[in-house]
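# An overview of the molecular structure
The primary structure of each chain is shown beneath.
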Amino acid sequence: MSTRVSHSGIVDSISNGCVRVRIQQTSSCAACHVASHCNAADSKEKVVDVYDVSNINSLKPGDIVVVYTSGKMASRALLMGFGIPFLILVSVLTGVLWFTGNEGASAIAALFALGLYYLVLYFCRDCIKQNISFHIDYSNQLKQ
């Protein structure tokens with residue numbers, strides 16, 4: 001995928017090499033084909049942390065910028081957030097049900113497996129942050 005997933009936003013703060021950008025939900029989110037899976041489409045406002053900004057000194061709080069990621073990164077994030085947990089849930093649920101025949105035990109085991117998966121994601125958040133990242137498009141930078 002060579003497409004970009006982008007949202008316009010306002011620089012909220014800059015500290016320790018991290019630019020926090022408030023993304024405003026617009027009506028264009030409704031037309032996006034991944035809007036139903038995108039966290040930015042869930043609410044009116046989200047804050048995105050953008051690391052590894054090359055020209056951080058040119059940004060100030062209140063600047064309007066466009067944050068983006070590649071379609072490949074967006075797909076990877078969707079897979080980690082929705083695809084893998086679904087596979088874990090279904091496989092553990094059916095596996096434990098097949099071995100034990102107990103629906104309650106299989107449901108509890110599936111939920112426990114999901115909890116473990118999200119715990120692993122939480123402890124690997126720094127690694128994930130390096131692999132799935134947002135960037136700032138300077139060519140569209142405007143002043144408020």
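Below you will find a few notes about this structure.

Rules of the game
Residues numbered from 1 in each chain as written. Predicted model: local features only at pLDDT ≥ 70, side-chain atom pairs only at ≥ 80, totals over all residues. Heavy atoms only, no water. Phe/Tyr/Trp six-rings, centres within 6.5 Å; stacked < 30°, edge-to-face > 60°. Buried < 20%, exposed > 50% of the residue type's maximum accessible area, 1.4 Å probe, protein only. Lys NZ or Arg CZ within 6 Å of the ring centre and 35° of its normal. Helix = DSSP H or I, 4+ residues; strand = E, 2+ residues; numbered from the N terminus. Expected span 1.5 Å × (residues − 1). Bend = angle between axes of the 7 residues up to and from the residue. Contact = heavy atoms within 4.5 Å. Salt bridge = Lys/Arg side-chain N within 4 Å of Asp/Glu carboxyl O.

Let's shift gears to the packing of aromatic side chains. The tally for this structure, following the rule as stated, stands at 3 aromatic pairs. Ring plane angle 70 degrees and centroid distance 4.9 Å describe the contact between W98 and F99, whose orientation is recorded as edge-to-face. For F99, a relative accessible area of 67% corresponds to the exposed category. Ring geometry for Y122 versus F123: centroids 5.6 Å apart, planes at 70 degrees, classification edge-to-face. Under the relative-accessibility criterion, F123 is labelled exposed at 60%. For the cation-ring pair, R125 lies above Y122, with the distance from its terminal atom to the ring centre recorded as 4.1 Å.

Another aspect to go through is helix α2 (residues 71-100). A rise of 1.5 Å per residue sets the reference length of α2, with its 30 residues, at 44 Å; its end C-alpha atoms lie 41 Å apart and thus fit the reference within 8%. Most pronounced at L79, the bend in α2 amounts to some 45 degrees. Within the span of α2, buried status applies to G71, A74, M80, P85 and I88. Its buried side turned inward, α2 meets β1 (4-15), β4 (64-70), α3 (103-123) and α4 (125-131). At the C-terminal side of α2, G101 shows a positive phi close to 75 degrees.

Our next topic: the pattern of salt bridges. Here the structure, examined in full by the defined rule, presents 2 salt bridges. The partner of R22 in a salt bridge is D12, and the shortest N-O contact between them spans 3.3 Å. Of this pair, R22 sits in strand β2 (residues 18-24) while D12 is found in strand β1, placing the two residues 10 residues apart along the sequence. According to the relative accessible area criterion, R22 is partly exposed, its value standing at 23%. For the salt bridge of R22 with E45, the shortest nitrogen-to-oxygen distance reads 3.7 Å. A residue pair is termed long-range when its members are at least 10 positions apart, and R22 in strand β2 and E45 in strand β3 (residues 45-50) qualify at 23 residues. Connected through salt bridges with shared partners, the residues D12, R22 and E45 form a single ionic network.

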